[in-house]
Amino acid sequence: MAKYKVTVHTHNIATATTMNNVFIKLVGENGESKRTWLTSLKGGFYQGTASREFDVVCPSSLGTLVLIELDKQPLPLFPQDAWFPSKVVVTTPEEDTCQFPIYRWIMDKEVHLFREGTAKRLCDETNHLARYSREKEMKMRTELYCWDTYKEGFPGSMKADNPLDLPSEVQFSFTKATQFLFTAATGITELKLKGYSDSKKNWKNVDEISKVFCCNRTVISDYAQEHWKEDEFFGYQYLNGSNPMLIRRCSELPANFPVTEDMVKPSLRGSSSLLRELQSGNIFLLDYKNLNGLKANMINMKKQYMAAPLVLLYRTPDDKLMPIAIQLKQVPGEDNPIFLPTDSEYDWLLAKIFVRSADFQEHQLNVHLLRTHLLAEVFAVALLRNIPMVHPLYKLLIPHTRYTLQINLLARAFLIADEGVFTKFAASGGEGMIDILKRSVASLTYSSLCVPEDITARGLESVPNNYYRDDGLKLWDIIHRFVEGVIGFYYKNDSEVREDQELHNWIKDIFVHGFLAQECTGIPQSFSTVPEVVKFVTMVIFTCSGQHSAVNSGQYDYGGWMPNTPISLQQPPPTIKGQSTESTMLKTFPDVGTTAQGMSTMWLLSKQSSDFVALGQYPEEHFNELPPCRMIEKFQTELKAFSETVNARNSGLPVPYTYMDPAVVENSVAI
């Protein structure tokens, strides 16, 4: 007789326990065991625990174990419950240990098949049972995970009408769901209790805004409140604020931005000239052409306004980045003056306010929503549709898809839907939002998603005090080394890449549904070499973790104090100099209720969940083999060392840059 020892592990998440009867069948290359009842002396399989060791006895050895069949049945008069097993560990009569990763909810009475955890590509499968299991899994997945089109011209998304339509394996945990709803209710309730969120009144003075702002504050939001009027802080934000993706070096002025030497001479230090500074690489450009000609929103039956500015920034000899010229519309003309630091206080301040409001629209829709959330969803759906659990790519990427499908479903329902907060209260809500996203999709490129190439393309290699660049490049390198090790372990040469049809199905799905089959994006349609796979997978992990953190986590820091980043504006861009006053500025700001709605939303979207999982932490053990497990340990060690470096640097900065600190970067787009 051959005796197999079985231990069942239940994951340590809320409500993971089952009180149902659990049954197992072991399937090997030489046969299968009888379906065996795993009798729990404690009456159930409890959250965060390993069961006692069960014996499964067979007449003879089953040979190499291929899979297990697992099911659970309710006790008489008891309901079917939900169980979240993490893994099953089997010790064979030959004293080999086999692990079967599960990490999903089992909520029914059906028989579920789980493969032994050694990563295998399709070409590695020699057993007919293994191939059958693989085919059955992928058939089920393509039925569960279907592509949908939210709006024409948008990347594909997961087909589901509400969170309960999503497969249970990708839904929020009980903890996440409960805390998310509580956080949303708390932010809005605090503001409603003070009578702000429904108010249609204008602000009487800047001090009045502080009464709303005092509800939720951070170190950086306090700094923004104190320094929002200053040119140095304005420039700093385009390197290290919530949108560090627009700024680029300018070697030649755009034809539609006719800045003259005389205009900027007072802003240039010493005897320098604009031409000399352009040639020296000290002039930078912000161009909001993506917003040009868009129809602005109506809020509370009142027309709103947004600009499509052009901004010149100057790197001073003492390494500050200062704005020196602002044009608020794309087409030059007499009614489109170029504002300068030498203008009156409120002419210059109001011009900067229009720029900061334009940045809110560009950041939220292009940089944040499209380039992290929507792309992360594309990567996740393509993975779940095309790559089986036993494949090394699934094991590598599945932690970086956690909660993404549900958070995006909620975003579509509560932020950008017809009655969503963004649609109702942002200047670009409604028609403008759709147009911005379509334009952004049309300009999306592979190289712009890869930090080293993007930094070079924008000419930012040597700009001082650019912590997004410094930390982003370092984090990219750490992720790249990790991915290179794991992919290199499973793909020994380029021919193995070319032979992996599942891998090609994945990238083809991404090209067609994520990038709308546009070759001009540079997104590969297939892979030919190992380095190509490494680069693309690095980009996926970086986008879902570091990049999302960089453009998400600072939303309240820089937008909580409304005057620094207005969600909307109630007056048109000024067309004449010398007429702006404090009263003009206050009338231009969004009304009280719009301000409160924007602040509470940014507070919600910036708040970390208690079941947050930091980059490089893998509580779900998908890899069994020792080499990739050691690579994970090395990855974690490098991330920890980098985190210490970031903290040491930040201790000497007036405004710390924390958004790429691995300790606060989440593994996935989960908020």
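Residues numbered from 1 in each chain as written. Predicted model: local features only at pLDDT ≥ 70, side-chain atom pairs only at ≥ 80, totals over all residues. Heavy atoms only, no water.

Section: the overall build of the chain
Moving on, step 1. Counting its secondary structure elements, the chain contains 21 helices and 18 strands.
Moving on, step 2. Here the C-alpha atoms of the chain give a radius of gyration of 28 Å, agreeing with the 26 Å that 2.2 N^0.38 yields for 671 residues.
Moving on, step 3. The C-alpha extent of the chain, read off along each of the three principal axes, is 95 × 55 × 45 Å.
Moving on, step 4. With 671 residues in all, the chain has 59% of them scored as buried. (Helix = DSSP H or I, 4+ residues; strand = E, 2+ residues; numbered from the N terminus. Rg over C-alpha atoms; globule rule 2.2 N^0.38 Å. Buried < 20%, exposed > 50% of the residue type's maximum accessible area, 1.4 Å probe, protein only.)

What about the sheet that holds strand 1 (residues 2-10)?
Moving on, step 1. Across the sheet, 4 strands lie side by side as 5-1-7-8; this open sheet has antiparallel pairing. Each end of this open sheet is capped by a strand with a single partner; those strands are strand 5 (54-58) and strand 8 (97-101). Within the sheet, the average angular offset between the axes of one strand and its neighbour, ignoring direction, is 25 degrees.
Moving on, step 2. Two elements, strand 1 and strand 7 (residues 85-91), share 6 bridges in a ladder whose sense is antiparallel. (Pairing = 2+ DSSP bridges. Axes fitted to C-alpha atoms, helices over the stretch in contact; angles between N-to-C directions.)

Focus: the environment of glutamine 406
Moving on, step 1. Turning to its location among the elements, glutamine 406 is positioned in helix 10 (residues 404-414).
Moving on, step 2. Since its relative accessible area comes to 7%, glutamine 406 is described here as buried.
Moving on, step 3. The contact partners of glutamine 406, leaving out residues within four places of it in the chain, are Pro163, Leu166, Val170, Gln171 and Phe172.
Moving on, step 4. There is a polar contact of 2.7 Å between the side chain of glutamine 406 and the backbone nitrogen of phenylalanine 172. (Contact = heavy atoms within 4.5 Å. Polar contact = N/O pair within 3.5 Å; in protein donor to acceptor, adjacent residues only side chain to side chain.)

Structural notes on the pairing of strand 17 (residues 321-327)
Moving on, step 1. Across the 7 residues of strand 17, 7 count as buried, placing the element largely inside the fold.
Moving on, step 2. In this structure, strand 16 (residues 310-315) lies alongside strand 17, joined through 6 bridges in antiparallel fashion. Along strand 17, the bridge assignment pairs tyrosine 314 with methionine 322.
Moving on, step 3. Turn length for the strand 16-strand 17 hairpin, with the two strands adjacent in sequence and antiparallel, is 5 residues, and the turn residue aspartate 319 shows positive phi of about 65 degrees.
Moving on, step 4. Pairing between strand 17 and strand 18 (residues 338-339): 2 bridges, direction antiparallel. Among the inter-strand pairings, isoleucine 326 is bridged to a residue of strand 18, identified as phenylalanine 339.

Quick notes on the pairing of strand 7
Taken residue by residue, a regular strand's side chains alternate between the two faces of the sheet.
Moving on, step 1. Of all 7 residues making up strand 7, 6 are buried, and the element is well covered by its neighbours.
Moving on, step 2. The pairing of strand 7 with strand 8 spans 5 bridges and is classified as antiparallel. Residue pairing in the sheet places valine 88 in a bridge with phenylalanine 100 of strand 8.
Moving on, step 3. From the end of strand 7 to the start of strand 8, which pair antiparallel, there are 5 residues, and glutamate 95 there has a positive phi angle of about 70 degrees.

Regarding the side chain of threonine 543
Moving on, step 1. Tracing the chain through its elements places threonine 543 in helix 17 (residues 530-552).
Moving on, step 2. At 2.8 Å, the side chain of threonine 543 and the backbone oxygen of methionine 539 are in polar contact.

Focus: the domain arrangement of the chain
Reports of interface size often rely on the accessible area that becomes lost once the parts have come together.
Moving on, step 1. With domains assigned, the chain is organised as domain 1 (2-117) and domain 2 (197-463 + 556-627).
Moving on, step 2. The straight-line distance from the C-alpha centre of domain 1 to that of domain 2 is 50 Å.
Moving on, step 3. Overall, the association of domain 1 and domain 2 removes approximately 870 Å² of surface from exposure, summing both partners, and the carbon and sulfur fraction of that is 48%.
Moving on, step 4. On the domain 1 side of the contact with domain 2, Pro101, Tyr103 and Gly117 bury the most area, a combined 51% of that side's loss.
Moving on, step 5. The interface formed by domain 1 and domain 2 holds 1 salt bridge in total.
Moving on, step 6. Among the ionic pairs, glutamate 621 bridges to lysine 87, the shortest N-O distance being 2.9 Å.
Moving on, step 7. Our count for the contact surface shared by domain 1 and domain 2 stands at 5 residue pairs in polar contact (both at pLDDT 80 or more).
Moving on, step 8. Of the residues that constitute the side of domain 1 that touches domain 2, the class distribution is 4 nonpolar, 3 polar and 4 charged. (Domains from an automatic or database assignment. Buried area = accessible area lost by both parts, 1.4 Å probe. Salt bridge = Lys/Arg side-chain N within 4 Å of Asp/Glu carboxyl O. Nonpolar A, V, L, I, M, F, W, Y, C, P; charged D, E, K, R; others polar.)

Some thoughts on the pattern of salt bridges
Moving on, step 1. On inspection of all chains with the given rule, the structure shows 36 salt bridges.
Moving on, step 2. As a salt-bridge pair, glutamate 32 and lysine 25 come within 3.2 Å of each other at their nearest N and O atoms.
Moving on, step 3. Among the residues examined, glutamate 32 registers a relative accessible area of 47% and is labelled partly exposed.
Moving on, step 4. Between arginine 121 and glutamate 496 there is a salt bridge; the shortest N-O distance is 3.4 Å. Here arginine 121 is found in the loop between strand 9 (112-115) and helix 1 (128-144), whereas its partner glutamate 496 is found in helix 15 (residues 494-498), with 375 residues between them in sequence. Across this residue pair, the class does not change: arginine 121 and glutamate 496 are buried.

Things to note about the environment of lysine 3
Moving on, step 1. Tracing the backbone through its elements, the reader meets lysine 3 in strand 1.
Moving on, step 2. We classify lysine 3 as partly exposed; its relative accessible area is 42%.
Moving on, step 3. Placed 55 residues apart in sequence, lysine 3 and cysteine 58 show a C-alpha to C-alpha distance of 6.4 Å.
Moving on, step 4. Ignoring anything within four residues of it in the chain, the contact list for lysine 3 reads Asp55, Val56, Val57, Thr91, Thr92 and Pro93.

A short note on helix 8 (residues 345-386)
Moving on, step 1. For helix 8, spanning 42 residues, the distance from its first C-alpha to its last is 58 Å, which sits close to the expected 62 Å at 1.5 Å a residue.
Moving on, step 2. Along helix 8, the sharpest kink reaches roughly 50 degrees, centred on leucine 369.
Moving on, step 3. Counting buried positions along helix 8 gives 41 out of 42 residues, so the element sits mostly inside the fold. (Expected span 1.5 Å × (residues − 1). Bend = angle between axes of the 7 residues up to and from the residue.)

Here we look at unusual backbone geometry
Glycine aside, a negative phi is what most residues show, and trans is what most peptide bonds show.
Moving on, step 1. Backbone geometry at threonine 15 places phi at a positive 65 degrees, although glycine is not the residue there.
Moving on, step 2. Note on placement: threonine 15 falls in the loop between strand 1 and strand 2 (21-28).
Moving on, step 3. Classification of threonine 15 by relative accessible area gives partly exposed; the value is 45%.
Moving on, step 4. A positive phi angle, close to 65 degrees, is found at methionine 301, a residue other than glycine.
Moving on, step 5. If you trace the backbone, methionine 301 turns up in the loop between strand 14 (298-299) and strand 15 (302-303).

As for the sheet that holds strand 17
Moving on, step 1. Spatially, 12-13-16-17-18 is the arrangement adopted by the 5 strands of the open sheet, whose pairing is antiparallel. Both outer strands of the open sheet, strand 12 (248-249) and strand 18, are each paired with one neighbouring strand and no more.
Moving on, step 2. Against the sheet, helix 5 (residues 231-240) makes contact with strand 13 (283-287), strand 16 and strand 17, and its axis sits at roughly 95 degrees relative to strand 17, the strand it touches most.
Moving on, step 3. Lying on the sheet, helix 8 is in contact with strand 16, strand 17 and strand 18; it crosses strand 17 at an angle near 90 degrees.

A short note on the nonpolar core
Moving on, step 1. One finds Trp506 and Phe536 to be the most contacted residues of the largest nonpolar core, which totals 162 residues.
Moving on, step 2. Contact partners of tryptophan 506, with chain neighbours within four places excluded, come to Phe379, Ala382, Leu383, Asn386, Ile387, Leu393, Leu397, Phe527, Phe536, Val537 and Val540.
Moving on, step 3. Of all hydrophobic cores here, the second largest spans 24 residues; its members include Leu62, Ile68, Cys98 and Ile102. (Core = buried A, V, L, I, M, F, W, Y, C linked by side-chain atoms within 4.5 Å.)

Some words on helix 4 (residues 219-227)
Moving on, step 1. Among all positions of helix 4, only Ile220, Ser221, Ala224 and His227 are buried. Angular distribution of buried residues about the axis of helix 4 spans 140 degrees; they occupy a single face of the element. For helix 4, the exposed residues set more than 90 degrees away from the buried face come down to Val219 and Glu226.
Moving on, step 2. Looking at the buried side of helix 4, the elements it contacts are helix 3 (206-213), helix 5 and helix 18 (555-559). (Arc of directions from axis to C-beta.)

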